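Spelled out from the first residue to the last, the chains are:
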Amino acid sequence: MQVIFSNRAYLSILAETSEKIKTETGGVFLGCYEKGNWYVVESIDPGPQSIFQAAYFEYDQKYTQHLINKIAQLYQAKLGLIGLWHRHPGSFDEFSSTDDGTNSDYAKLSPNGAVSVLVNLDPHFRVTPYHVAWPLRYAKITYQVGDDHIPGHLLQMKKEEQLLAYINGYMERPHSTNSQAARPKADFQRLLEGVKSKFKALPYVITAADMKLNEADKHRDILIDSLLDDISYFSEKRGLALNVEQGGGTLCLSHRGGNNVVTKVHFIYLPHKKQVVFSYGDNLYQYAPGFFAELLADYQPPDTAFKTELMRALGLGNKRQEG
């Protein structure tokens, strides 16, 4: 197992370190895990609202989440959040108890765990990569730098003609200011019902204590991080602008359909199970990052023939992206 940085990702780490040379700093990694290797395609800067101190650093999480979604849309492959890096003072190249909590949260997001990289200037620049598994276990791993070590499909950007096909295809569709005459739009409820038979029901009972625990910042962050891929999927691939609400220990995705019925899906993190679950209807179901995107990848409601043709024009067809 090793970490492989693209030229751009490694340069981004150097640039961020040099800009914040007097304080700690860091960033998050956009890429994927394939065949035992962690491919870091992009290193996202920590954001303008981060806390930079000589011996303390904290990410601007809203900023990094936003930027990950935006940059991921530039690539053909399905890239995701796979880890993070930050600088430590002096020669200290092991993790603090605060780092343990952050690394633990990242490791839970994928069955493959995550990568966490430390940077030291003692006095020269050096990096120490770790693989983080759940429950919290660290293993030092090696690294390489260079685009020639990364599979070509992971570095391939979307083509201009693909995006133009979507833009022009949309603009050429008949539109009407009369909502009753407009072409039917995607509907959250119909999509969920179309794949509901594949949901894995759980026997758990959500307690008031579970709800209270989810009011903690770290548990809210786990929910947000877990749902990023699916929220992006519904927006970018299905044209659904879901409402995202947090409160009472849950995160809720909702959408008002064409029949004016509001469909809601509530998500909650169960610390004792180390698992995110969701409720839909009267049942509780198992959830993992990208759950809906995977189930809906090949599903088309009856009235979405136009979108099927559009996906084919974009070169997506029924293929699933690796990673």
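Throughout this description, residue numbers start from 1 for each chain and increase along the sequence as written. pLDDT decides what is reported in this predicted model: residues at 70 or higher carry local features, side-chain atom pairs at 80 or more are listed and counted, and totals for whole chains, interfaces and linings draw on all residues regardless. With hydrogens and water excluded, all non-hydrogen atoms of the structure serve as input to the side-chain values.

Undergrad: Looking at this structure, I do not really get the layout of surface pockets. What am I missing?
TA: The method is simple in principle: a probe with the dimensions of a water molecule rolls over the atoms, and the space it marks as empty is what remains. Using a 1 Å grid laid over the protein atoms alone, points where a 1.4 Å probe fits but cannot get out form a cavity; open sets with protein on both sides within 12 Å along at least 5 of 7 lines form a pocket; any residue with an atom within 4 Å of a point counts as lining. Grid points are joined across faces, edges and corners, and a volume is the space filled by probe spheres set on the points. Counted as a void, the second largest pocket has a volume near 790 Å³. Looking at the second largest pocket, it is lined by 33 residues, and the ones nearest its centre are Glu58, Tyr59, Gln61, Thr98 and Thr102. Each helix corresponds to a stretch of at least 4 residues labelled H or I by DSSP, and each strand to a stretch of at least 2 residues labelled E; elements are numbered beginning at the N terminus. Looking at the lining of the second largest pocket, the elements with two or more residues in it are strand S5 (57–58), helix H2 (61–72), strand S6 (80–87), helix H3 (97–107) and helix H8 (217–236). Ranked by the residues each element gives to the lining of the second largest pocket, the list is headed by H3, at 7 residues. The class makeup of the residues in the lining of the second largest pocket is 13 nonpolar, 11 polar and 9 charged. Each residue receives one of three labels: charged for Asp, Glu, Lys and Arg, nonpolar for Ala, Val, Leu, Ile, Met, Phe, Trp, Tyr, Cys and Pro, and polar for the others, Gly being one of them.

Undergrad: Sorry if this is basic, but what is going on with the confidence of the model for the protein chain here?
TA: Detailed reading of predicted coordinates is not advised where the pLDDT is low. Residues with a pLDDT of 70 or more make up 86% of the protein chain, whose mean pLDDT is 84. A residue's pLDDT is the predictor's confidence in that residue, given on a scale from 0 to 100. Residues count as neighbours in contact if any of their non-hydrogen atoms are within 4.5 Å of one another. Here residues 176–184 is a poorly scored stretch, pLDDT under 50, and it has 6 contacts once near neighbours within four places are set aside; other chains count. With pLDDT under 50 throughout, residues 304–310 is counted as low confidence; its partners more than four residues away or in other chains account for 10 contacts.

Undergrad: What should I look at first to understand helix H6 (residues 188–195) in this one?
TA: Side chains of residues three or four places apart in an α-helix project in the same direction, reflecting 3.6 residues per turn. The classification of residues rests on relative accessible area computed with a 1.4 Å probe and restricted to protein chains. Under 20% of the type maximum is buried, over 50% is exposed, and intermediate values are partly exposed. By the burial criterion, the buried members of H6 are Phe188, Leu191, Leu192 and Val195. Seen along its axis, H6 keeps its buried residues to an arc of 95 degrees; they face one direction. Throughout this description, a polar contact denotes any pair of N or O atoms lying within 3.5 Å of each other; where both atoms belong to protein, one of them has to be capable of donating a hydrogen while the other can accept it, and for residues adjacent in sequence the pair is counted only when both atoms sit in side chains. Here H6 starts with a cap whose side-chain oxygen sits 3.0 Å from the backbone nitrogen of Gln189, and that cap is Asp187. It is the directions from the helix axis to the C-beta atoms whose arc is reported.

Undergrad: Would you take a moment to explain the packing of aromatic side chains for this structure?
TA: A pair of Phe, Tyr and Trp rings is counted when the ring centres sit within 6.5 Å of each other, with Trp represented by its six-membered ring. The angle between the planes then sorts it: under 30 degrees is stacked, over 60 is edge-to-face, the rest tilted. Within this structure, the stated rule accounts for 28 aromatic pairs. With 5.7 Å between their ring centres and 35 degrees between their planes, Phe52 and Phe57 make a pair best called tilted. You can call Phe52 partly exposed: its relative accessible area is 23%. Accessibility expressed as a relative area gives 10% for Phe57, which makes it buried. Relative to Phe292, the ring of Phe234 lies with its centre 5.9 Å away and its plane at 50 degrees, an arrangement referred to as tilted. Residue Phe234 is found in helix H8, and its partner Phe292 is found in helix H9 (residues 291–295); the two are separated by 58 residues along the sequence. Taken as a pair, Phe234 and Phe292 share a single burial class, namely buried. The rings of Phe188, Phe199, Tyr233, Phe234, Phe267, Phe278, Tyr280, Tyr285, Tyr287, Phe291 and Phe292 are connected pair by pair, giving a single aromatic cluster.

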